[in-house]
Amino acid sequence: MLTRQLAKHLAKENILVNAIAPGTFQSDMMKKTLADRGDEYPLRCPLGRLGKPEDIAGVAIFLAAEASTYLTGAVIPCDGGLSQV
């Protein structure tokens, strides 16, 4: 909701506001969880794997590119399809 509200209020200043909603990636924050229960996550994800840095980098590059200049207020899931099923 914050993304959508900021997008609405900042659009008149030509400021785009979008967000990336990451799924499960190997990171310092997830290190303990993945060590304890890491085998479960790929089984729940439709793509059957954890996210890789290049997966989220592609979304970030798109949002920084000219191709996204008509996109604001979007929350883009980068979770291997988990939020869609």
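Residues numbered from 1 in each chain as written. Predicted model: local features only at pLDDT ≥ 70, side-chain atom pairs only at ≥ 80, totals over all residues. Heavy atoms only, no water.

Right, let's talk about the side chain of D79 for a bit. Within the element layout of this structure, D79 appears in the segment after β2 (75-78). R44 provides the closest opposite charge to the buried, unpaired D79, separated from it by 9.5 Å. Here the side chain of D79 touches G81 through a polar contact of 3.0 Å, landing on its backbone nitrogen. Non-local contacts of D79, meaning those with residues more than four positions away in its chain, are made with G23 and C45. (Helix = DSSP H or I, 4+ residues; strand = E, 2+ residues; numbered from the N terminus. Buried < 20%, exposed > 50% of the residue type's maximum accessible area, 1.4 Å probe, protein only. Lys, Arg positive; Asp, Glu negative; His and termini not counted. Salt bridge = Lys/Arg side-chain N within 4 Å of Asp/Glu carboxyl O. Polar contact = N/O pair within 3.5 Å; in protein donor to acceptor, adjacent residues only side chain to side chain. Contact = heavy atoms within 4.5 Å.)

A separate point is the layout of surface pockets. Computed from the structure, the largest pocket encloses a volume of approximately 190 Å³. Considering the residues around the largest pocket, the lining is formed by 14 residues, among which C45, R49, G51, D79 and G80 are closest to the centre. Partitioned by chemical class, the residues of the lining of the largest pocket number seven nonpolar, four polar and three charged. (1 Å grid on protein atoms, 1.4 Å probe; cavity = no way out; pocket = protein on both sides within 12 Å on 5 of 7 lines; lining within 4 Å. Points joined across faces, edges and corners; volume = space filled by probe spheres on them. Nonpolar A, V, L, I, M, F, W, Y, C, P; charged D, E, K, R; others polar.)

The next point concerns unusual backbone geometry. One non-glycine residue with positive phi stands out, namely N14, at about 60°. With respect to the helices, strands and loops of the structure, N14 is situated in the loop between α1 (2-10) and β1 (19-22). For N14, a relative accessible area of 72% puts it in the exposed group.

Looking now at the pattern of salt bridges. For the coordinates displayed, the defined rule picks out four salt bridges. As a salt-bridge pair, K31 and D28 come within 3.5 Å of each other at their nearest N and O atoms. Since its relative accessible area comes to 53%, K31 is described here as exposed. Between D36 and K32 there is a salt bridge, with the nearest N and O atoms lying 2.9 Å from each other. One end of the pair, D36, and the other, K32, are both in helix α2 (residues 31-37), four residues apart, so they sit about a helical turn from each other. Each member of the pair, D36 as well as K32, carries the same accessibility label: exposed.

Here we take up the environment of K12. Mapped onto the elements, K12 comes out in the loop between α1 and β1. A polar contact of 3.2 Å, which involves the side chain of K12, links it to the backbone oxygen of H9.

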